[in-house]
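# Observations on the three-dimensional arrangement
Chain residues, written in single-letter form:
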Amino acid sequence: MAPKTKGRRSLRYATTQEMPEGMRRLVEASTAAAVPQPTAARVYRPPAAALPLASGNAAGKVARGRPRHVPGEMNKTEEAYAAHLTLQLAAGAIAWFRFESVKLKLAEKTHLTIDFFVMTGAGDLEAHEVKGFWEEDARVKVKVAAAMYPFRFLAVQRAPGGGWKTEVFS
């Protein structure tokens, strides 16, 4: 057996022939898998420095496979609902609305940013949460906020066939 070297990650065996049978098979299988197989033409990929920084974890993935929300920017559903509120404002059904203007503290390190804070024609304040799809954590946050704060909380989704369906949490 060859003497062990002083390196940090030194091998115990000088050759694969000196290894036990099971270890030798593992090493040979891993080196065979590491040999690149001929494939289709390689695609150009820009150097890492030229790629935009992605939000999410270190691997560049986003939690739950969905894009991360950028504060102050509306998604398509919120844009459509803002257009709906603008029509209601012009008709006099509501007196005022703002996008993401109110952030409510629910617990330590837990907040809810209201999508649209709306003042009705009668002067009542309502918190409108617009969702394309309701996940359980978002629903729980709205229920907790409705129990803590004196506003009327509405969950708003697109109705199948057009329009908006609402669910009241007060």
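Treat the numbers as computed from the prediction; the structure is a model and nothing was measured.

Calculation rules
Residue positions are given per chain, counting from 1 as you read along its sequence in written order. Where totals are concerned, whole chains, interfaces and linings use all residues; where local detail is concerned, this predicted model gives features only for residues with pLDDT of at least 70, and gives and counts side-chain atom pairs only at 80 or more. Note that water and hydrogens are dropped before the side-chain values are worked out from all heavy atoms of the structure. Only DSSP runs of H or I reaching four residues or more are called helices, and only runs of E reaching two or more are called strands; each is numbered from the N terminus. Accessible area is worked out with a 1.4 Å probe on protein chains only. A residue is then buried under 20% of its type maximum, exposed over 50%, and partly exposed in between. Expected helix span is given by 1.5 Å per residue-to-residue step, counting one fewer step than there are residues. Directions from the helix axis toward the C-beta atoms define the arc. Note on contacts: a residue pair is in contact if any heavy atoms of the two residues lie within 4.5 Å. Each pair of strands is called paired provided DSSP finds at least two bridges between the two strands.

## A word on the environment of Pro150
The residue Pro150 is located in the loop between helix H3 (136-148) and strand E6 (152-158) in this model. Pro150 sits in the exposed class, given a relative accessible area of 76%. Taking C-alpha positions, Pro150 is 8.8 Å from Leu125, a pair spaced 25 residues apart along the chain.

## Focus: H3
Across its 13 residues, H3 extends 19 Å between first and last C-alpha, which sits within 8% of the 18 Å expected from 1.5 Å per residue. Those residues of H3 lying buried are Ala138, Arg139, Val142, Ala145 and Ala146. Mapping the buried residues of H3 onto a view down its axis gives an arc of 125 degrees, with all of them on the same face. Exposed side chains of H3 directed beyond 90 degrees from the buried face belong to Glu136 and Ala147. In the core, the buried residues of H3 are packed alongside strand E2 (103-107), strand E3 (110-113), strand E5 (125-130), E6 and strand E7 (164-168).

## Section: the pairing of E7
Looking along a regular strand, one sees side chains alternate from face to face of the sheet. Here E6 pairs with E7 via 5 bridges, running antiparallel. In the strand pairing of E7, Ala155 is matched with Glu167. Here E6 folds back onto E7 in antiparallel fashion, the turn holding 5 residues, of which Gly161 has a positive phi close to 95 degrees.

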